[in-house]
Amino acid sequence: MLYLKTIQKMYEHLHWANQRILETLQSLDGENQELCRLFSHILFAEKVWLTRLQGLDSSQLPIWSEADIEVCADLVAENEESITAFFTKLTDTNLDQLIFYKNSKGIEFKNSVRDILTHVALHGQYHRGQINSRLRAGGFEPVDIDFITFVR
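Residues numbered from 1 in each chain as written. Predicted model: local features only at pLDDT ≥ 70, side-chain atom pairs only at ≥ 80, totals over all residues. Heavy atoms only, no water.

**Q** An account of the packing of aromatic side chains is needed here, citing residue identities and associated values.
**A** Evaluated as defined, the whole model comprises six aromatic pairs. A centroid spacing of 5.2 Å and a plane angle of 75° characterise the contact between Trp49 and Tyr101, whose relative ring orientation is edge-to-face. Placement of Trp49 in helix 2 (residues 33-53) and of Tyr101 in strand 1 (residues 98-102) is noted, with a sequence separation of 52 residues between them. Judged by relative accessible area, which is 14%, Trp49 ranks as buried. Residue Tyr101 is classed as buried on the basis of its relative accessible area, which comes to 9%. Among the aromatic side chains, those forming a connected cluster through ring pairs are Tyr11, Phe86 and Phe87. (Phe/Tyr/Trp six-rings, centres within 6.5 Å; stacked < 30°, edge-to-face > 60°. Helix = DSSP H or I, 4+ residues; strand = E, 2+ residues; numbered from the N terminus. Buried < 20%, exposed > 50% of the residue type's maximum accessible area, 1.4 Å probe, protein only.)

Next up, the structure:
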């Protein structure tokens, strides 16, 4: 039960951080395609992994795309709803269940639900850090998305 509570808190943070990045990107004058590309990658990856967790074929879903900020906004909302619904059915015993899936090249893999959920949370944080680095390099204030800020 402890791991499930921890992972749920990580996903509350993930949704909060995605929303903060979205709002910042929406506020920028002019479109920065590189930032939208990184952000949409986070969101498409979340969608791909959730599709796999649901036992569905993800091989045709994009991981990288030239999505604009409106597509990102839609994905933020869609992913939060889908992930929240997934967590309502998740139990501690489900965490060690193996998920079999094929990547976009048709190569088969298997990972536990626990490892997939952990990967997705860490993957997004890594790329949100890249977005913040690029914001700073462009003369903008990075977004405070630290976990400790979230829990205050």
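More follows now that the structure is in view.
**Q** Describe a nonpolar patch on the surface, naming the residues involved and giving the relevant values.
**A** On the surface, Phe147, Ile148 and Val151 cluster together into a nonpolar patch covering about 250 Å² of accessible area. The residue Val151 is located in helix 5 (residues 147-151) in this model. (Patch = residues over 30% accessible without salt bridge, like charges linked within 9 Å, V, L, I, M, F, W, Y side chains within 5 Å. Areas by Shrake-Rupley, 256 points an atom, 1.4 Å probe, with all protein chains shown as cover. Salt bridge = Lys/Arg side-chain N within 4 Å of Asp/Glu carboxyl O.)

**Q** Describe the packing of helix 1 (residues 2-27) against helix 3 (residues 69-89), listing the residues and the values that go with them.
**A** Running from N to C, helix 1 and helix 3 cross one another at 165°; their axes reach a closest spacing of 10 Å. Considered as vectors, helix 1 and helix 3 are oriented roughly antiparallel to each other. As helix 1 packs across helix 3, the resulting crossing turns out to be left-handed. Note on element contacts: helix 3 touches helix 1 through Ile69, Cys72, Ala73, Val76, Asn79, Glu80, Ile83, Thr84 and Phe87, opposite Leu4, Ile7, Gln8, Tyr11, His15, Asn18, Gln19, Leu22, Leu25 and Gln26. Tallied by class, the residues present in the contact of helix 1 with helix 3 amount to eleven nonpolar, seven polar and one charged. (Axes fitted to C-alpha atoms, helices over the stretch in contact; angles between N-to-C directions. Parallel < 35°, antiparallel > 145°, perpendicular 65-115°, else oblique. Left-handed = near helix turned anticlockwise from the far one by under 90°. Contact = heavy atoms within 4.5 Å. Nonpolar A, V, L, I, M, F, W, Y, C, P; charged D, E, K, R; others polar.)

**Q** Explain the pairing of strand 1 to me, using residue names and the numbers behind them.
**A** Of the two faces of strand 1, only one is covered, namely that formed by Ile99 and Tyr101; the face formed by Leu98, Phe100 and Lys102 stays uncovered. Pairing of strand 1 with strand 2 (residues 108-112), which is carried by five bridges, proceeds in the antiparallel orientation. The residue of strand 2 that forms the bridge with Phe100 is Lys110. Here strand 1 hands over to strand 2 after five residues, with Gly106 in that stretch at a positive phi of 85°. (Pairing = 2+ DSSP bridges.)

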